[in-house]
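# Per-entry structural report
Chain by chain, the residues run as shown.
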Amino acid sequence: MSDSVATTPMTPRPTVLRGGTVLTMDDRHSVLAGADVLVVDDRVAAVGTALDVPEGTLEIDASGGIVMPGMIDTHRHMWQTAMRGYGADWTLTQYFVWYYLEHGKAFRPQDVYAGNLLSAWDALEAGVTTTVDWSHGLQTVDHAEAAADALQEVPGRFVLAYGNIQAGPWEWTADKAVQSFLQRRRASAGDLLGFQLAFDVTGDPSFPERAAFEVARDLGLAVTTHAGVWGATNDAGIRLMFDNGFMTPETVYVHAASLTTDSYQRIAATGGSVSVSTESEQSAGQGYPATWQVRRYDIPVSLSMDTSVWWSGDLFSAMRTTLGADRSREHLEAHARGDTVTHVHLRAEHVVDWATRGGARVLGRGDLGRLEPGAKADVVLIKNDRSPVSFPLLNPYGHVAFQAQRGDVHTVIVDGRVVKHEHRLVGVDLAALRRTVDATVEHLRSDLGEEQWDKDMFPDLPEGDEVLDNPYQYTEYKSDTTRGARGTVFGEPGAGR
Ligand SMILES: [Zn+2]
């Protein structure tokens, strides 16, 4: 065995996880102690104690561990994983400048492929069995083919949310080549690859995004949109979507962090959901992570990690930071009134729900995010016999949210197939993957030049408390939360319609 792991995918056969603490995430959130989960073909066949299993079943000892549904990340710019950690000290403005204005165009199809391939394995390694690839670097259909190819090479479940930051959504969605790509790849994709359209709504009163929503409707694709992003999108975009009938139960509002009550009520009334990227909102500056607000309106929540140009790709981080941000806000709001919070509202159980069932709900996949007979067999075993953190196991939801981490993911099953076993990915060639990613890093680095590469990774702080203009804006249109914008990406909104 090389520095990678076994390169032969395991032959699909029935698999049973024996004697674990099972978080079924069924409607009653049943937790079963010392229970088995039997997987046959692509489905959960049975959940219970001392199950009889077919001959030849792979037996996995889950004792001392937690068995739960595979986690679901509803918003991740997977192509950016090839730049892992590069932007750790960025703000959202620096991110926009780097990708949207300056260097996003430098990504070739093979670079999108490299990022997606790395991110896809990264997700599986962390027990994230479904990831929405919010793929807004698709400047040509060749880029899109590369993105989809990578996702289909990895044995996980993915949704390609097609986007292109180098053109207005009304422009690229009108491209017949894009539409035929979506129809063709969708027809041949099977159950493991879904599709959405990914674009943002600026709040321009002429609503140029209408054309893109119409394409989504014609193709029967859900729209996922960065909403409530300080300085970029706001209530005006939500109002336009609402007034024009484009807020549907399938619509996913990513961040939804700097919106007012009106917008939350519109999202609630139309049955949409939010994808909260707490780690992103906290350090990039979209606004305060929205769970403390949206749970008041009963808006369905799912979790996401956004991009590995800053953060990791594991939902343990998402669960942990979301609990922290929500509780922090609850305490601070109370302190401002002179009160003390004696009981927190948001529980560990809630964030585990959001990381599993919540994602399934957002994707309209009632067969994911739960361990019940008939559900799709996307299963995670958290168990690490070599770690003192694995015991005592007293509060399983709390253990998942606050104690566990990626290295504790022992087994991952997607669609009935074991893709990680005994802490090692099955069927990955990490050495080859590293070479693929290295070639992309090399390309970008030489494209920028050594000096620029370093300068962009470690942005200088301006002298004193000087406030700089925000050099990025989606369009010429100035929304009411953006000031001092001077850059533009798409040119005149409405052009190209
Ligand atoms: Zn995003």
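Residues numbered from 1 in each chain as written. Predicted model: local features only at pLDDT ≥ 70, side-chain atom pairs only at ≥ 80, totals over all residues. Heavy atoms only, no water.

## Describing the overall build of the chain
This is how it is decided: Every helix listed is a DSSP run of H or I at least four residues long, and every strand listed is a run of E at least two residues long, numbered separately from the N terminus. Burial classes: relative accessible area under 20% of the type maximum marks a residue as buried, over 50% as exposed, and values in between as partly exposed (1.4 Å probe, protein chains only). Whether two residues are in contact is decided by their heavy atoms: any pair within 4.5 Å suffices. The method behind every accessible area is Shrake-Rupley, applied with a 1.4 Å probe, and residues are considered shielded solely by the protein chains displayed.
Helices and strands together make up the secondary structure of the chain, namely 15 helices and 17 strands. For the C-alpha atoms alone, the extent of the chain along its principal axes is close to 65 × 55 × 50 Å. Looking at the 497 residues of the chain, the share that counts as buried comes to 59%. For the chain, the share of sequence-separated contacts (at least 6 apart) that also reach a separation of at least 24 residues comes to 75%. By element, 49% of the accessible surface of the chain is carried by carbon and sulfur atoms, the whole surface being about 19,600 Å².

## Examining the sheet that holds strand β11 (residues 252-255)
As a reminder, the rule being used: Whether two strands pair depends on DSSP finding at least two bridges between them. Between the N-to-C directions of two axes lies an angle of 0 to 180 degrees, each axis being a line fitted to C-alpha atoms and, for a helix, fitted only over the stretch in contact.
One open sheet accounts for eight strands, arranged β6-β7-β8-β9-β10-β11-β12-β13; its pairing is parallel. Strands at the two margins of the open sheet, each flanked by one partner only, are β6 (71-76) and β13 (301-303). Averaged over all pairs of adjacent strands, the angle between their axes in this sheet comes to 25°, without regard to strand direction. Relative to β13, strand β12 (residues 273-276) is paired through three bridges, and the arrangement is parallel. Each residue of the ladder has a partner; that of S275, found in β13, is S302. Where helix α3 (residues 141-153) meets the sheet, its contacts fall on β7 (128-135), β8 (157-162) and β9 (193-198), and the angle it forms with β8 comes to roughly 170°.

## A look at the coordination of the zinc ion
The reference angle at a metal is 109.5 degrees if four donors form a tetrahedron and 90 or 180 degrees if six donors form an octahedron. Formally: Counted as donors are N, O and S atoms no farther than 2.8 Å from the metal, or 3.2 Å for Na, K and Ca; water is not among the atoms, and sites may therefore look incomplete. A four-donor site is classed as tetrahedral when every donor-metal-donor angle falls between 85 and 135 degrees; four donors are called square planar, and six octahedral, when trans pairs exceed 155 degrees and all remaining angles lie between 65 and 115, with any other arrangement labelled irregular.
Within the protein, the zinc ion binds to H75 (NE2), H77 (NE2), H226 (NE2) and D306 (OD); these donor distances fall in the range 2.0 to 2.6 Å. Metal-centred angles of 80 to 174° between the four donor atoms at the zinc ion mark the site as irregular. Looking at D306, the relative accessible area reads 5%, which means it is buried.

## Thoughts on the confidence of the model for the chain
Which entries qualify depends on this criterion: Per-residue confidence from the predictor is reported as pLDDT, a score between 0 and 100.
Averaged over the chain, the pLDDT score is 92; the fraction of residues at 70 or greater is 91%. The low-confidence segment residues 476-497 (pLDDT under 50) makes 61 contacts with residues lying over four places distant or belonging to another chain.

## Structural notes on the pattern of salt bridges
Quick note on the threshold: Salt-bridge detection follows one rule: a side-chain nitrogen of Lys or Arg within 4 Å of a carboxyl oxygen of Asp or Glu.
Under the criterion given, the structure shown has 32 salt bridges. A salt bridge links D36 to R18; its shortest N-O distance comes to 2.7 Å. Separated by 18 residues along the polypeptide, D36 in strand β2 (residues 31-40) and R18 in strand β1 (residues 15-23) bring together distant segments of the chain. Put simply, R157 and D415 hold a salt bridge, and the shortest N to O gap is 3.0 Å. Of this pair, R157 sits in strand β8 while D415 sits in the loop between β15 (409-414) and β16 (417-421), placing them 258 residues apart in sequence. Given the relative accessible area of 2%, R157 is considered buried. When its relative accessible area of 21% is taken as the criterion, D415 is described as partly exposed. Among the ionic contacts, a cluster of salt bridges with common partners joins D42, R43, R157, D191, R365, D367, K376, D378 and D415.

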